[in-house]
Amino acid sequence: MVAKHKMYIGGRWVESRSGTWFEVYDPGTGTVLATVPEASADDVDDACRAARTAFDSGIWSKIAERTRARVLFEAANIVRRRRDDLAVLEVQDSGKPLRDALADIDEAAYILEYYAGWVTKLTGEVIPVGPEAMSLVLREPMGVVAAIVPWNYPFLMAVQKTAPALAAGCSVVLKPAEQTPLTALLLPEILEEAGLPPGVFNVVTGDGIHAGESLVRHPLVDKVSFTGSLEVGKRIQRVAADSVKRVTLELGGKSPAIIFADADLSRAVPGTCFGVFWNQGEVCSATARVYVEDKIYDRVVASIAQEAAKVRLGSGLDPEATMGPLISHSQKQRVESYIRSAQEEGAELVVQGALPANPALAAGYFVPPTVFAGAASESAIMTEEIFGPVMAIRRFHSESEVIAAANNSPYGLAASVWTQQLDRALRLGKALRAGTVWINDSQPAPSEAPWGGYKQSGFGRELGKPGLEEFMESKHLYLRIQ
């Protein structure tokens, strides 16, 4: 039987005012998993009004910091208690392997805990302005936050935006991706059980065109925090500009991995493959364009082919599977179109893995890991975000050459450098125009450190203390004392 869900607005579970629903699919089998309300502009208005009423009342924004911290600490405890159920639902909804979903849930619990710890440690400052006055700088919650999250890390991203917003004292209206709303719809239960007052946290479900744009446009929303594609991010920025909303955008990427001849290949090869094939390649920071120094090029290409061939596709609940399906049929078609175009443009197909043998998965949205070598520098697979398990490898001869090639992109989210020379690592770390540069690693994103991009990968930061400050305003209080 297909599960039927409701939205959470003003502390109540509700259907959409229009009475319309949309279907959520299991990407592993292509079958319907659940039905969810299709939020209209009226539903979004209800949620924004509930969030504004809660914020203005002070039931959360003005309570003692210790109380806010206790609620977030308790929410972290509840997430840990419900870890297994949350992870299984995440697998069914997104397709990712269970071990990856478990890691996501664990990190979500930690993020709640991390920002709970910050609540009682936020301070202002006193600025010297002469003997006759004092200037006090206060930090205040921004107001109502619209949090719009993607489908590749549904629960983790929902918490990654919600936890710092709540820690700051804001109210939140969350819109999960229409492909993966199910674990986000468990977050209200968790926060309510932890003691969050009604109206402070709300969830509306629906697509970006209707629910998402209504949320960004709504006059009661003070701040928009969005993670997703470049094109949608541009649209959000344009719409938000009409009311001069604060906006944080974490957008796409085409991250380079650079392997020098002195690199420890026993780490560089599996690390680089992980950087592209992890989470089915549906990672905004995926290091999908790989530059290998000429001296070791052939050896590295052969080793990457061997590593890619080890990947086993299957259901996310299959303990032997190391890669699950892509999120949707349309995403599968999109990734396959890039593979075809790479072949048409003359790139060498080094390896392409096998599809699952299980006939029950025949209708699933699977694309095997695919590696190309020698693609033209301006080809689509070298320049455009694919968001799938496709790697393109090119050779380089000098440090200056590879820096120029790596930076020749409209994106600047992340980069990975593999070398045992500390001076070179530091030079590359400074020269690469990216928000995060990994040295001898790929994809770690500690919740204690800021995350965000340069150039068209967006602006603003998530995680760490900067991620909390994105949800706060600075107020200058000038006090005449003489």
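Residues numbered from 1 in each chain as written. Predicted model: local features only at pLDDT ≥ 70, side-chain atom pairs only at ≥ 80, totals over all residues. Heavy atoms only, no water.

1. Points about the overall build of the protein chain
So the rule is basically this: Runs of E in the DSSP output that reach at least two residues are strands. Runs of H or I that reach at least four are helices, and both are numbered from the N terminus. The atom set for the radius of gyration is the C-alpha atoms, and the globule formula is 2.2 Å times the number of residues raised to the power 0.38. Working definition: with a 1.4 Å probe on protein chains only, accessible area under 20% of the residue-type maximum means buried, over 50% means exposed, and in between means partly exposed. Note on contacts: a residue pair is in contact if any heavy atoms of the two residues lie within 4.5 Å. Here the Shrake-Rupley method, with its probe set to 1.4 Å, supplies the accessible areas, and only the displayed protein chains count as covering residues. Note on charges: Lys and Arg go in the positive column, Asp and Glu in the negative column, and His and the chain ends are not counted at all. Note that the charge is assigned to NZ on lysines, CZ on arginines, CG on aspartates and CD on glutamates.
Along the backbone of the protein chain there are 15 helices and 23 strands. Taken against the 2.2 N^0.38 rule, which gives 23 Å for 482 residues, the C-alpha radius of gyration of the protein chain at 23 Å falls within 12% of a compact globule. A total of 482 residues make up the protein chain; the buried ones form 57% of that total. In the protein chain, once contacts between residues fewer than 6 apart in sequence are set aside, the share between residues at least 24 apart is 74%. Put simply, the protein chain shows about 19400 Å² of open surface, and 53% of that area lies on carbon and sulfur atoms. Each charge class in the protein chain can be summarised by its mean position, and for the 48 positive and 58 negative side chains these summaries are 5 Å apart.

2. As for the domain arrangement of the protein chain
Accessible area lost upon the coming together of the parts is a frequently used measure of interface size. Basically, it comes down to this: Here the bounds of each domain stem from an automatic or database domain assignment. Buried area, as used here, totals the accessible surface that two parts lose on assembly, with accessibility defined by a 1.4 Å probe and the loss added over both. We count a salt bridge whenever a side-chain nitrogen from Lys or Arg sits within 4 Å of a carboxyl oxygen from Asp or Glu. In the analysis that follows, any N or O atom pair within 3.5 Å is treated as a polar contact, provided that within protein one partner can donate a hydrogen and the other can accept it, and provided that, for residues neighboring in sequence, both atoms belong to side chains. Note on residue classes: Ala, Val, Leu, Ile, Met, Phe, Trp, Tyr, Cys and Pro are nonpolar, Asp, Glu, Lys and Arg are charged, and everything else, Gly too, is polar.
For the protein chain, the domain assignment lists domain 1 (3-251 + 457-479) and domain 2 (256-439). Relative placement of domain 1 and domain 2: their C-alpha centres are 31 Å apart. In this complex, domain 1 contributes 26 residues to the contact, which on the side of domain 2 involves 28 residues. Between domain 1 and domain 2, the buried area comes to about 2100 Å², and carbon and sulfur atoms account for 59% of it. Run the count over domain 1 and domain 2 and you get zero salt bridges. Here domain 1 is connected to domain 2 by eight residue pairs in polar contact (both at pLDDT 80 or more). Elements with a contribution of two residues or more to the side of domain 1 that touches domain 2: α3 (83-94) and α4 (98-119). Broken down by element, the residue count for the side of domain 1 that touches domain 2 peaks at four residues, all from α3. Its residues assigned to classes, the side of domain 1 that touches domain 2 comprises ten nonpolar, nine polar and seven charged.

3. Describing the sheet that holds strand β20 (residues 436-439)
Rules: Strands qualify as paired when DSSP identifies two bridges or more between them. To define axes, lines are fitted to C-alpha atoms, for helices over the stretch in contact only, and angles between the resulting N-to-C directions are given on a 0 to 180 degree scale.
With mixed pairing, the seven strands of this open sheet are ordered in space as β15-β16-β17-β14-β13-β19-β20. Each end of this open sheet is capped by a strand with a single partner; those strands are β15 (348-352) and β20. Shown here is a sheet whose adjacent strand axes are inclined to one another by a mean of 20°, direction ignored. With four bridges connecting them, β15 and strand β16 (residues 370-373) associate as antiparallel partners. The partner of V351 across the bridge, within β16, is V371. Sheet strands touched by helix α10 (residues 297-309): β13 (256-259), β14 (289-293), β15, β16 and β17 (390-396). Its angle to β17, the strand with the most contacts, is close to 170°.

4. Looking at the packing of aromatic side chains
What counts is decided by this rule: Classification of ring pairs rests on two measures: the distance between centres of Phe, Tyr or Trp rings, Trp counted by its six-membered ring, which must be within 6.5 Å, and the angle between planes, read as stacked under 30 degrees, edge-to-face over 60 and tilted in between.
Evaluation of the coordinates by the stated rule reveals eight aromatic pairs. Arranged with centres 5.4 Å apart and planes meeting at 85°, the rings of W151 and F387 form a pair that is edge-to-face. On the criterion of sequence distance, the pair formed by W151 in the loop between β8 (144-148) and α5 (154-168) and F387 in the loop between α12 (380-383) and β17 is long-range, its members being 236 residues apart. You can call F387 buried: its relative accessible area is 16%. Taken together, the ring pairs in this structure connect Y110, Y114 and Y115 into an aromatic cluster.

5. Here we look at helix α14 (residues 422-431)
Stated precisely, the cut-off is as follows: As used here, the arc is the angular range of directions from the helix axis to the C-beta atoms.
When we look at burial in α14, the residues that qualify are R424, A425 and L428. The buried residues of α14 occupy one face: seen down the axis, they fall within an arc of 100°. Exposed side of α14, more than 90 degrees from the buried face: L422, L426 and K430 are the residues found there. Against β13, α13 (399-407), β19 (414-418) and β20 lie the buried residues of α14.

6. Description of the nonpolar core
Rule in force here: As used in this record, nonpolar core signifies buried Ala, Val, Leu, Ile, Met, Phe, Trp, Tyr and Cys residues forming a set joined through side-chain atoms within 4.5 Å.
Ranked by size, the top nonpolar core spans 76 residues in total, and within it Y115, F155 and L174 carry the most contacts. It is α4 that provides the largest number of residues to this core, a total of twelve residues. When residues of this core are sorted by domain, at least three fall in each of domain 1 (3-251 + 457-479) and domain 2 (256-439). Contact partners of F155, with chain neighbours within four places excluded, come to V79, L86, E90, I105, A108, T183, L187 and I190.

7. A short note on the side chain of S447
Relative to the helices and strands, S447 resides in the loop between β20 and β21 (454-455). Residues contacting S447, with those up to four places away along its chain left out, are E107, Y110, I111, Y114, L463 and G464.

8. Quick notes on the UniProt feature "domain: Aldehyde dehydrogenase" (unreviewed entry) in the protein chain
For the record, the criterion: UniProt positions are given in the numbering used here, feature names are shortened, and annotations may be inferred rather than shown by experiment.
UniProt feature "domain: Aldehyde dehydrogenase" (unreviewed entry): in the numbering of this structure it lies at residues 13-476. End C-alpha to end C-alpha, residues 13-476 measures 40 Å, and it is 40% helix and 20% strand.

9. Digging into the packing of α5 against helix α6 (residues 187-194)
The test is simple: Left-handed describes a crossing whose near helix is turned anticlockwise from the far helix through less than a right angle; right-handed describes the clockwise counterpart.
Taken N-terminus to C-terminus, the directions of α5 and α6 make an angle of 35°; their axes are 12 Å apart at the nearest point. Classified by chirality, the crossing of α6 by α5 is right-handed. Counting all contacts with α5, which are made through F155, A158, V159, T162 and L166, the residues of α6 involved are L187, I190 and L191. Its residues assigned to classes, the contact of α5 with α6 shows seven nonpolar, one polar and no charged.

10. Some points on a nonpolar patch on the surface
Heads up, the condition is: The patch calculation keeps residues exceeding 30% relative accessible area without a salt bridge and links them within 9 Å when they carry like charges or within 5 Å when they are nonpolar (Val, Leu, Ile, Met, Phe, Trp, Tyr).
Together, V126, M134, L479 and I481 make up an exposed nonpolar region whose accessible area comes to about 330 Å². When you line up the elements, I481 lands in the segment after β23 (472-480). In this structure I481 comes out as partly exposed when scored by relative accessible area, which is 46%.

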